[in-house]
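Below are the chains, spelled out letter by letter.
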Amino acid sequence: MPYTEDEVYKQENLRFATHEQGRAPTLYFRTGHGSGRLRQEHPDGPKIQDIRMHTSHAFFPTERQQREFAASFSEGMTRSDFRRLRTAHGGRHTPTEGYHHYEASFDAHQGAGQAVVTHRSGGTVVGQNQLSTLRSATSGIYTQMKSAFRRK
């Protein structure tokens, strides 16, 4: 069973963040019992993502590699397909500063699990200094976003 949002969206669970020019960073969290993201700004608006299980990440040195990966991977493909294509397109599984991000959530942990949600990030992974600053601000960001959602 996944953790609740309050259990996941804590500074100790912040793994990486992406940033696109003109927007506040998106924060990505991970625990052994679920993953999620806080999207502070986006054309579709801010969002506290529901906690998901079985999420995999891919990081690419160029936007072109990320787009080519996204064009070759789709919902319904397996986690094994994701890993194979990530490698074939020059991607990594660890966040790297300046890299372009793609994620998929699967219906099961093992390699045969099928992708049920996919997401291509618009920004690039931030460096450790910015991540440290965001980590110390996580509680305030999450609290502010929760309050904003209640008002809508």
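These notes cover the structure that comes with them. Throughout, a residue's number is its position along its own chain's written sequence, starting from 1. Totals for whole chains, interfaces and linings use all residues, but because this is a predicted model, local features are given only for residues with pLDDT of at least 70 and pairs of side-chain atoms are given and counted only at 80 or more. Note that water and hydrogens are dropped before the side-chain values are worked out from all heavy atoms of the structure.

## Observations regarding the sheet that holds strand β5 (residues 55-60)
Phase 1: Here seven strands make up an open sheet; going across it, the order is β4-β3-β2-β1-β7-β6-β5 and the pairing antiparallel. Each edge of the sheet is formed by a strand with only one pairing partner; in this case those strands are β4 (47-48) and β5.
Phase 2: Docked against the sheet, helix α2 (residues 63-72) engages β5, β6 (100-106) and β7 (115-125), running at close to 25° with respect to β6.
Phase 3: In what follows, a contact means two residues having at least one pair of non-hydrogen atoms within 4.5 Å. A fitted line through C-alpha atoms represents every axis, and for helices the fit uses only the stretch in contact; the resulting angles, taken between N-to-C directions, go from 0 to 180 degrees. Labels follow the DSSP assignment, with helices taken as runs of H or I lasting at least four residues and strands as runs of E lasting at least two, numbered in each case from the N terminus. Strands β2 (26-31), β5 and β6 of the sheet are contacted by helix α3 (residues 79-88), whose axis makes an angle of about 10° with β5. Pairing between two strands is assigned when DSSP locates at least 2 bridges connecting them.

## What about the pattern of salt bridges?
Phase 1: Basic side-chain nitrogens of Lys or Arg form a salt bridge, by our definition, when they fall within 4 Å of a carboxyl oxygen of Asp or Glu. According to the stated counting rule, one finds six salt bridges in the structure shown.
Phase 2: Between R23 and E20 there is a salt bridge whose closest N-O contact spans 2.9 Å.
Phase 3: Relative accessible area decides the class of each residue, using a 1.4 Å probe on protein chains only: under 20% of the type maximum gives buried, over 50% gives exposed, and in between gives partly exposed. Look at R23 and you get partly exposed, because its relative accessible area is 24%.
Phase 4: For E20, a relative accessible area of 28% puts it in the partly exposed group.
Phase 5: The salt bridge involving R37 is made with E103; its shortest N-O contact spans 2.3 Å.

Note that every value here comes from positions in space, so none of it alone points to a role or purpose.
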